[in-house]
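For reference, the chains in residue letters:
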Amino acid sequence: MLQCTAFTELPEMGARVALMGLADGPGQASEAPDLDDFLLCELGEHDEAVEHAAQLWSASAPAGRDLWMFWADGGGRRTFRFTELLPCPAVIHRLSVKEGDACLLYDRHPAAHSWDVRDPLADLMAERIREDVRRDRDRADEEEP
Ligand SMILES: [Zn+2]
Ligand SMILES: [Zn+2]
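Right, let's walk through the structure included here.

Procedures and definitions
- Residues numbered from 1 in each chain as written.
- Chains lettered and ligands numbered in written order.
- Predicted model: local features only at pLDDT ≥ 70, side-chain atom pairs only at ≥ 80, totals over all residues.
- Heavy atoms only, no water.
- Donors = N, O, S within 2.8 Å, 3.2 Å for Na, K, Ca; no water.
- Tetrahedral: all angles 85-135°; square planar, octahedral: opposite > 155°, others 65-115°.
- Helix = DSSP H or I, 4+ residues; strand = E, 2+ residues; numbered from the N terminus.
- Buried < 20%, exposed > 50% of the residue type's maximum accessible area, 1.4 Å probe, protein only.
- Pairing = 2+ DSSP bridges.
- Axes fitted to C-alpha atoms, helices over the stretch in contact; angles between N-to-C directions.
- Contact = heavy atoms within 4.5 Å.
- Arc of directions from axis to C-beta.

## Considerations on the coordination of the zinc ion (ligand 1)
Thinking step 1. The protein atoms that coordinate the zinc ion (ligand 1) are Cys4 (SG), Cys41 (SG), His46 (NE2) and His52 (ND1), at distances spanning 2.0 to 2.3 Å.
Thinking step 2. Considering all four donor atoms around the zinc ion (ligand 1), the spread of angles at the metal, 96 to 121 degrees, places the coordination shape in the tetrahedral class.
Thinking step 3. Each donor residue of the zinc ion (ligand 1) lies on the same chain, and together they follow the pattern C-x36-C-x4-H-x5-H. Here Cys4 is found in the segment before strand S1 (7–9), whereas its partner His52 is found in strand S3 (residues 52–57), with 48 residues between them in sequence. Across the pair, His52 and Cys4 agree in class, each one buried.

## Digging into the sheet that holds strand S5 (residues 77–85)
Thinking step 1. If you trace the three strands from one edge of the open sheet to the other, you get S3-S4-S5, paired in antiparallel fashion. The open sheet is flanked by S3 and S5, the only strands paired with a single partner. Direction aside, neighbouring strands of the sheet carry axes that sit 25 degrees apart on average.
Thinking step 2. Summarising the sheet, S3 and strand S4 (residues 66–74) pair through five bridges and their orientation is antiparallel. Bridge assignment links Trp57 to a residue of S4, and that residue is Leu67.
Thinking step 3. Contacts from helix H1 (residues 12–20) reach S3, S4 and S5 within the one sheet, and its direction differs from that of S5 by about 15 degrees.

## Looking at the pairing of S5
Thinking step 1. Bridge analysis of S4 against S5 gives nine bridges, and the strand direction is antiparallel. Following the sheet pairing, Asp73 is matched in S5 by Arg78.
Thinking step 2. In this antiparallel pair of consecutive strands, S4 and S5, the connection spans two residues, and Gly75 shows a positive phi of 60 degrees.

## Thoughts on H1
Thinking step 1. Along H1, the residues classified as buried are Ala15, Ala18 and Leu19. Along the axis of H1, the buried residues cluster in a sector spanning 100 degrees; they form a single face. Opposite its buried face, H1 presents the exposed residues Met13 and Val17, each directed more than 90 degrees away.
Thinking step 2. Tucked into the core, H1 has its buried residues touching S3, S4 and S5.

## Observations concerning the environment of Thr79
Thinking step 1. Tracing the backbone shows Thr79 in strand S5.
Thinking step 2. For Thr79, a relative accessible area of 37% translates into the label partly exposed.
Thinking step 3. Residues Thr79 and Pro11, 68 residues apart in the sequence, show an inter-C-alpha distance of 9.9 Å.

In structure tokens:
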């Protein structure tokens, strides 16, 4: 499943207020994390009726709640809401890995678990980097006497 391609500009005031309200959050505004100006929806491709979602803060405590921002476009305007949610309890166990990977999304999220979501943009970047490395290596080979 491909990742949803929606992104949004961060409503900074709302995000700061939501972060300050967290029991297990960064606390003082001076300690607040640098927030990205733009956030990508982290869900797999989903229905238009489902809100887009991006994680703003990941709880450090085990079984802590993460802060998620949801947004939806409707009636010509974009609405945001911030919610603390438990992480998705799903864990995938691959043969090659002992520990298993936990899903990075929130409990009862729509669409696929995070390990089944492919980010075409990230894949593209990775491919670019591989090409650059290959090119550098070829060039180094040519320079050999
Ligand atoms: Zn989305
Ligand atoms: Zn999940």
